[in-house]
Amino acid sequence: MKIATYNVNGLNARLPSLLRWLQEEAPDVACLQEMKMIDEKFPSLAIMNAGYNAIWHGQKSWNGVAILAKNNLELNEVGRGLPGDPEDLQSRFIEARVNDLLVGCLYLPNGNPAPGPKFDYKLAWLERLITKAKSLVELETPVVLLGDYNVVPTDLDVYKPERLTYDAVFLPETKEAYRRLLDQGWTDALRTLNPDIKIYTFWDYFRNSYGRDAGIRLDHLLLNPVLAKRLQTCGVDRHVRGWEKPSDHAPTWITIED
DNA sequence: ATGACTTACCCGGTAAGA
């Protein structure tokens, strides 16, 4: 089974690329972030015609997450919205059961500029995620928490670490909170299978970043111990970043033993 | 540290992304 995450940066603008990618790479499960559209605008017909069922949690202009699963799989929503703050109306989390697999799709706040209220919101959101994740990590059910974490975990995850010194994705508080999340027992799939190499999932639109391979790793798939035992392979569909009108993120995926 | 692109909004300048 192939499980992917893809920050589309606007699903309206990205629908042709998404459909092409689904056709060519055929993930069994695809989690989307930054759809930037209200629920009523979700292209459910095109997704269905591509062979996928879907659940989605949209919002006007910003954010928005969805879980797609091939139509031979059972897809049932478990919940939407991250618990812990009833005032938080941003659409950044959706959770589903795909057959026996529990899937949490997330779009963590970027947090820039830091310091400031946006960074405070990011750190608070991370703490809420840590609380949520604690209830999932030790389940006997396989669980994957995946999406755009807006966290660059280490120097190995950025083309030039000094360029991120003041960036919310790389500040010590951000990395420390992410480390506490991993320490619950989650496996960072891409880093575990590739302990020593630079891997990027995002290339800025500015300054020909993709052409220079000036990337960073922001999109992660975290597996609980039950699922980590079944991890087989992983990859980043970097070539998708080179298509016409690309998202600034590339699809990132794992395969697991059935 | 910012913003050389890109998107969405409401209709061309602003806000947001990372």
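Heads up: these notes are all about the structure in this document. (Residues numbered from 1 in each chain as written. Chains lettered and ligands numbered in written order. Predicted model: local features only at pLDDT ≥ 70, side-chain atom pairs only at ≥ 80, totals over all residues. Heavy atoms only, no water.)

1. A few points about the environment of Ala-214
Okay, step 1: Inspection of the secondary structure assignment puts Ala-214 in the loop between strand S10 (202-203) and strand S11 (215-216).
Okay, step 2: Here Ala-214 falls in the buried class, since its relative accessible area comes to 6%.
Okay, step 3: The spatial distance from the C-alpha of Ala-214 to the C-alpha of Phe-202 is 8.8 Å, given a sequence separation of 12 residues.
Okay, step 4: Excluding residues within four positions of it along the chain, Ala-214 makes contact with Tyr-159, Trp-203 and Ser-209. (Helix = DSSP H or I, 4+ residues; strand = E, 2+ residues; numbered from the N terminus. Buried < 20%, exposed > 50% of the residue type's maximum accessible area, 1.4 Å probe, protein only. Contact = heavy atoms within 4.5 Å.)

2. As for the side chain of Gln-184
Okay, step 1: The topology assignment puts Gln-184 in the loop between helix H4 (172-182) and strand S9 (187-188).
Okay, step 2: Not counting residues within four places of it along the chain, the set of residues in contact with Gln-184 comprises Ile-130, Ala-133, Lys-134 and Val-137.

3. A word on the packing of aromatic side chains
What characterises a pair of aromatic rings is the spacing of the ring centres plus the angle enclosed by the ring planes.
Okay, step 1: One pass over the full model with this rule turns up five aromatic pairs.
Okay, step 2: Considering the side-chain rings of Tyr-6 and Trp-21, the 5.3 Å spacing of their centres and the 65 degrees angle between planes classify their relative orientation as edge-to-face. In this pair, Tyr-6 sits in strand S1 (residues 2-7) while Trp-21 sits in helix H1 (residues 11-25), placing the two residues 15 residues apart along the sequence. As far as the burial class goes, Tyr-6 and Trp-21 line up, both buried.
Okay, step 3: For the ring pair Trp-203 and Tyr-210, a centre distance of 5.3 Å and an interplane angle of 85 degrees mean the geometry is edge-to-face.
Okay, step 4: Overall, the relative accessible area of 0% leaves Trp-203 in the buried class.
Okay, step 5: Taken together, the ring pairs in this structure connect Tyr-200, Trp-203 and Tyr-210 into an aromatic cluster.
Okay, step 6: Sitting over the ring of Trp-253, Lys-2 keeps its end group 4.5 Å from the ring centre. (Phe/Tyr/Trp six-rings, centres within 6.5 Å; stacked < 30°, edge-to-face > 60°. Lys NZ or Arg CZ within 6 Å of the ring centre and 35° of its normal.)

4. Re the pattern of salt bridges
Okay, step 1: Going through the model one piece at a time under the given rule, you end up with 14 salt bridges.
Okay, step 2: Here Asp-213 makes a salt bridge to Arg-238, at a shortest N to O gap of 3.0 Å. Taken as a pair, Asp-213 in the loop between S10 and S11 and Arg-238 in the loop between strand S13 (231-236) and strand S14 (252-256) lie far apart in primary sequence, 25 residues in all.
Okay, step 3: On the accessibility criterion, Asp-213 (29% relative accessible area) is partly exposed.
Okay, step 4: You can call Arg-238 partly exposed: its relative accessible area is 33%.
Okay, step 5: By sharing partners, the salt bridges in this structure join Asp-157, Asp-188, Arg-191 and Arg-217 into a single network. (Salt bridge = Lys/Arg side-chain N within 4 Å of Asp/Glu carboxyl O.)

5. Let's talk about the layout of surface pockets
Okay, step 1: Reported here for the largest pocket is a volume of approximately 830 Å³.
Okay, step 2: Together, 34 residues line the largest pocket, and Asn-110, Asn-112, Asn-150, Val-169 and Phe-202 are the ones closest to its centre.
Okay, step 3: Broken down by secondary-structure element, the contributors of at least two residues to the lining of the largest pocket are helix H3 (117-137), S10 and S11.
Okay, step 4: Residues that form the lining of the largest pocket fall into these classes: 13 nonpolar, 11 polar and 10 charged.
Okay, step 5: Considering only enclosed or pocket space, the second largest pocket measures out at about 180 Å³ in volume.
Okay, step 6: In terms of lining residues, the second largest pocket is bounded by 13 residues, among which Pro-153, Arg-179, Leu-182, Asp-188 and Arg-191 are the most central.
Okay, step 7: Listed by contribution, the elements that provide at least two residues to the lining of the second largest pocket are H4, S9 and helix H5 (189-193).
Okay, step 8: Counting residues per element, the lining of the second largest pocket draws most heavily on H4, which supplies four residues.
Okay, step 9: Of the residues in the lining of the second largest pocket, the class split is four nonpolar, three polar and six charged. (1 Å grid on protein atoms, 1.4 Å probe; cavity = no way out; pocket = protein on both sides within 12 Å on 5 of 7 lines; lining within 4 Å. Points joined across faces, edges and corners; volume = space filled by probe spheres on them. Nonpolar A, V, L, I, M, F, W, Y, C, P; charged D, E, K, R; others polar.)

6. Some remarks on a positive patch on the surface
Okay, step 1: A cluster of basic side chains, namely Lys-160, Arg-163, Arg-207 and Arg-212, defines a positive patch on the protein surface.
Okay, step 2: Mapped onto the fold, Lys-160 is located in the loop between strand S8 (143-148) and H4. (Patch = residues over 30% accessible without salt bridge, like charges linked within 9 Å, V, L, I, M, F, W, Y side chains within 5 Å. Areas by Shrake-Rupley, 256 points an atom, 1.4 Å probe, with all protein chains shown as cover. Lys, Arg positive; Asp, Glu negative; His and termini not counted. Charge placed at Lys NZ, Arg CZ, Asp CG, Glu CD.)

7. A few points about H3
Okay, step 1: Counted at 1.5 Å a residue, the expected span for H3 with its 21 residues is 30 Å, and the 30 Å between its end C-alpha atoms agrees.
Okay, step 2: Structurally, H3 contributes buried residues whose contacts are with strand S6 (93-98), strand S7 (101-107), S8, H4 and helix H6 (225-228). (Expected span 1.5 Å × (residues − 1).)

Spatial relationships are all this shows, so hold off on functional conclusions.
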